[in-house]
Amino acid sequence: MNYWMKLSIEYANQRNYLDDLFKVYPTVPEGIRDIDNNIWNEVEKAFKKKDNIKLLKNLFEFDLFPIKDSYVAYLKRDISALERNPATISRLSGRLYEMGLNKIYEHCSEPKETNRQIGPLFKRWLKSKVLGVELLKLDRFLKTKENAVLDASDEEMKSFAKEKLNYKHDNGLDFVAYFNGKYVIGEAKFLIDFGEHQNAQFNDAIATIKTKNVNAVKIAILDGVLYIKDNNKMHMSITGKLKGGNIMSSLVLREFLYQL
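The present account deals with the structure reproduced in this document. Numbering of residues starts from 1 in each chain and follows the order in which that chain's sequence is written. Since the coordinates come from a predicted model, pLDDT governs what is reported: local features require at least 70, and pairs of side-chain atoms require 80 or more to be given and counted, while whole-chain, interface and lining totals use all residues. Neither water nor hydrogens contribute to the side-chain values; these are computed over all heavy atoms in the structure.

**Here we look at the pairing of strand E4 (residues 182–191)**
Phase 1: Throughout, exposure labels follow a simple rule: accessible area from a 1.4 Å probe, protein chains only, divided by the maximum for the residue type, with under 20% read as buried, over 50% as exposed, and the rest as partly exposed. Every helix listed is a DSSP run of H or I at least four residues long, and every strand listed is a run of E at least two residues long, numbered separately from the N terminus. For E4, a buried count of 8 out of 10 residues is recorded, marking the element as mostly surrounded by other parts of the structure.
Phase 2: Where strand E3 (residues 175–179) meets E4, 5 bridges bridge the pair, whose relative direction is antiparallel. By the bridge assignment, phenylalanine 175 is partnered in E4 with glycine 186.
Phase 3: Note: two strands are recorded as paired if DSSP finds a minimum of 2 bridges between them. Taking the residues that link successive antiparallel strands as the turn, the E3-E4 hairpin has 2 residues, and the phi of asparagine 180 there is positive, at about 50°.

Written as structure tokens, this is what we have:
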């Protein structure tokens, strides 16, 4: 298995992955969850006792979760992550206590709403210079011999890669960098749950690293439910036929780039 993929899976399952990932994707775009009187009684008990984990576990039983948060689907699918991510649990529980029982009940009865506009957050994270290098506009990026990240739109990155790196895929790019004399290109996706849309996002990123004859290191910067160790299709793919690919979490991207 690719070392960086293995490291990403271990990170997600052994460390406070969601707590750290919130620095990259500080958003609440996904999913409120429905209501059952017996479960609601347990919710009320946990709420009054301020039992954070029990409160969340009971709310996960509903079809609709009362607050929008990208991290809910991950926790619901991997209950063991509740014990490993105390900051995330405190953050979610704090919002619930602030909301109050009446509002929680009200929101648990609402229809599902979805807003998937999380793509720009990865670039905003890069602009905080977490990789320790400058983000350069195209004219300066073309001239630099120092480590750098290209500051451009997805389409501008794709055009650069087509003209300079023989990239012939139709997908736009989220990441173009120059490290240790090598160009690096990739897509970044936060896969917040399983389903048709998320599968398409996953497949887009994988298609990029499968593109042939590109004069660059190709990577898929993926985060979310694909690292949960179970029989979901994404995890089986990355640990099976894709196990040799450069698939990694944004949280190990810096280390990957500096070792090139």
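We are not done yet, so read on.
**Brief notes about the packing of aromatic side chains**
For any pair of aromatic rings, the description consists of the separation of the ring centres together with the inter-plane angle of the planes.
Phase 1: Any two of the Phe, Tyr and Trp rings considered here, Trp counted by its six-membered ring, make a pair once their centres fall within 6.5 Å; the pair's planes then place it as stacked at under 30 degrees, edge-to-face at over 60, or tilted in between. Overall, the coordinates contain 18 aromatic pairs when judged by the stated rule.
Phase 2: Between tyrosine 17 and tyrosine 74, the ring centres sit 5.8 Å apart and the planes meet at 50°, which makes this aromatic pair tilted. With respect to class, tyrosine 17 is no different from tyrosine 74; both count as buried.
Phase 3: Look at phenylalanine 179 and tyrosine 258: their rings are 5.2 Å apart centre to centre, the planes differ by 85°, and that puts the pair in the edge-to-face class. Remark: tyrosine 258 occurs in helix H14 (residues 253–258) and phenylalanine 179 occurs in strand E3; sequence separation between them is 79 residues.
Phase 4: Ring pairing ties together the aromatic residues Tyr11, Tyr17, Tyr74 and Tyr227, which thus form one cluster.
Phase 5: Criterion for a charge above a ring: Lys NZ or Arg CZ within 6 Å of the ring centre, and within 35 degrees of the ring normal. One Lys or Arg, lysine 50, reaches over the ring of phenylalanine 47 and ends 5.1 Å from the middle of that ring.
Phase 6: The ring of tyrosine 97 carries the charged tip of lysine 50 above its face, separated from the ring centre by 4.8 Å.

**Here we look at the packing of helix H3 (residues 37–49) against helix H4 (residues 52–59)**
Phase 1: Here an axis means a line fitted to C-alpha atoms, over the contact stretch when the element is a helix, while the angle between two N-to-C directions is reported on a 0 to 180 degree scale. Here H3 crosses H4 at 160°, and the two axes come no closer than 8 Å. As far as their axial angle goes, H4 and H3 are roughly antiparallel. Handedness of the crossing formed by H3 with H4: left-handed. Within the contact between the two elements, H3 uses Ile39, Glu42, Val43, Ala46 and Phe47 and H4 uses Lys54, Leu55, Asn58 and Leu59. Under this scheme an angle from 65 to 115 degrees is roughly perpendicular, one under 35 degrees roughly parallel, and one over 145 degrees roughly antiparallel; angles in between are oblique. For any helix crossing, the convention is left-handed if the near helix is rotated counterclockwise from the far helix by under a right angle, and right-handed if that rotation is clockwise. Whether two residues are in contact is decided by their heavy atoms, any of which lying within 4.5 Å being enough.

**Here we look at the pattern of salt bridges**
Phase 1: Any carboxyl oxygen of Asp or Glu that lies within 4 Å of a side-chain nitrogen of Lys or Arg is treated as forming a salt bridge with it. Inspection of every chain in the model, using the stated rule, returns 15 salt bridges.
Phase 2: In this structure, arginine 91 engages aspartate 69 in a salt bridge whose closest nitrogen and oxygen atoms are separated by 2.7 Å. Of this pair, arginine 91 sits in helix H7 (residues 86–99) while aspartate 69 sits in the loop between H4 and helix H5 (72–77); the two residues are 22 residues apart in sequence, bridging distant segments of the chain.
Phase 3: Looking at aspartate 69, the relative accessible area reads 1%, which means it is buried.
Phase 4: One salt bridge in this structure joins glutamate 134 and lysine 129, with 3.3 Å as the shortest N-O distance.
Phase 5: Note on glutamate 134: relative accessible area 41%, which makes it partly exposed.
Phase 6: Using a relative accessible area of 44% as the deciding quantity, one classes lysine 129 as partly exposed.

The values reported here are purely geometric and, on their own, carry no functional implication.
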